[in-house]
Amino acid sequence: MSDVRCQMSDVRCQSGFSLLELIIYTAIISTVSAVFIATLIQLNLGWNRSKTESEVQQNLRLVMENISQSVRSASSVIAPGAGSSGNTLQLKVDGQTIQYSLNGTALEKQTGANPAEAITTDAVRVTYLNFTTIQNTAVSNSTVAATSTQFALTIEYNSDSAQFQYAQSATTTEQIMH
């Protein structure tokens, strides 16, 4: 009987949520969801930026090490000539010609008559490449005392999206040791 009386006379005895409570709960859940989604988006952008920078840096490091090792092992520089610059490097290493050159935006290395192999990945593009041959001569007899090759390059991430734009440049000089 008290159950029937509660239903008929007192509105406060009813179970469930009022409209105001539902609006408040919905607002709280929406706010928490918006903060969570914004955090996930920022984490994703940070991860993408880190991946982009890492890819460019790894390619740059690999290219610089590869060219440096070839120059140190070379017996002579075929191109560019002494005092000249160019975007192709030809070296004589153990009787074979090694050539570094651009094919589109990929840097390639060709050893002897073998097909050229890309030494950069498809994820990056080389936007600047320059080789300069430097010869130091002895003052007393004007003979070549040392030959060095200076090389500079810029590598950028291969994407047109603003969030993936990243480039890095490096320049170094290596002396022929033979």
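Being a predicted model, the structure only gives us computed values, none of them experimental.

Asker: What's the story with the sheet that holds strand S6 (residues 117–118) in this structure? I'm lost.
Answerer: Adjacent strands of a sheet pair through backbone hydrogen bonds, lying either parallel or antiparallel. Across the sheet, which stays open at both edges, the five strands sit in the order S1-S3-S4-S5-S6 with antiparallel pairing between neighbours. Each having just a single partner strand, strand S1 (76–79) and S6 make up the two edges of the open sheet. Pairing between strand S3 (residues 89–93) and strand S4 (residues 96–103): five bridges, direction antiparallel. When the sheet's bridge partners are listed, Leu89 is paired in S4 with Tyr100. Seen against the sheet, helix H2 (residues 19–73) touches S3, S4 and strand S5 (106–111) and runs at an angle of roughly 50 degrees to S3.

Asker: What exactly am I supposed to notice about the side chain of Thr133 here?
Answerer: Its place among the elements puts Thr133 in strand S7 (residues 124–137). Of note is the side chain of Thr133, whose polar atom sits 2.6 Å from the backbone oxygen of Pro80. Contact partners of Thr133, with chain neighbours within four places excluded, come to Val77, Pro80, Gly81, Ala82, Gly83, Ser84, Thr147, Ser148 and Thr149.

Asker: Is there a simple way to explain the environment of Ile176 in this structure?
Answerer: Inspection of the secondary structure assignment puts Ile176 in the segment after strand S9 (167–175). Separated by 85 residues in sequence, Ile176 and Leu91 have C-alpha atoms that sit 9.9 Å apart. What Ile176 contacts, discounting residues up to four positions off in sequence, is Val71, Ala74, Ser75, Ser76, Val77 and Thr147.

Asker: Whenever I open this one, unusual backbone geometry confuses me. Can you help?
Answerer: A negative phi angle is the norm for most residues apart from glycine, just as the trans form is the norm for most peptide bonds. Each neighbour pair has its own omega, and for Ala79 with Pro80 the value is 0 degrees, a cis peptide bond. Among the secondary structure elements, Pro80 is positioned in the loop between S1 and strand S2 (85–86). At Asp94, a position not held by glycine, the phi torsion is positive, near 50 degrees. Locating Asp94 in the fold gives a position in the loop between S3 and S4.

Asker: Is there a simple way to think about the nonpolar core in this case?
Answerer: Here is a general trend for soluble globular proteins: nonpolar side chains tend to be buried in one another's company. Ranked by size, the top nonpolar core spans 27 residues in total, and within it Ile67, Leu89, Leu91, Tyr100 and Ile155 carry the most contacts. Taken together, the elements giving at least two residues each to this core come down to H2, S3, S4, S7 and strand S8 (144–157). By residue number, the principal contributor to this core is H2, which donates six residues. If sequence neighbours within four positions are ignored, Leu91 has contacts with Ser70, Val71, Ala74, Ser76, Val77, Ile78, Gln96, Thr97, Ile98 and Tyr100.

Conventions adopted
- Counting from 1, residues in each chain are numbered in the order their sequence is written.
- Note on the predicted model: pLDDT of at least 70 is required for a residue's local features to be given, and 80 or more for side-chain atom pairs to be given and counted; whole-chain, interface and lining totals, by contrast, use all residues.
- Values reported for side chains reflect all heavy atoms of the structure, with hydrogen atoms and water molecules removed beforehand.
- When DSSP finds two or more bridges between two strands, those strands count as paired.
- Comment: elements are numbered from the N terminus, with helices defined as DSSP H or I runs of at least four residues and strands as E runs of at least two.
- The criterion used for residue contact is that any of the two residues' heavy atoms lie within 4.5 Å.
- To define axes, lines are fitted to C-alpha atoms, for helices over the stretch in contact only, and angles between the resulting N-to-C directions are given on a 0 to 180 degree scale.
- Two N or O atoms form a polar contact when they lie within 3.5 Å of each other; inside protein one atom must be a possible hydrogen donor and the other a possible acceptor, and for residues adjacent in sequence the pair counts only when both atoms belong to side chains.
- Residues belong to a common nonpolar core when they are buried Ala, Val, Leu, Ile, Met, Phe, Trp, Tyr or Cys residues joined through side-chain atoms within 4.5 Å.
- The classification of residues rests on relative accessible area computed with a 1.4 Å probe and restricted to protein chains. Under 20% of the type maximum is buried, over 50% is exposed, and intermediate values are partly exposed.

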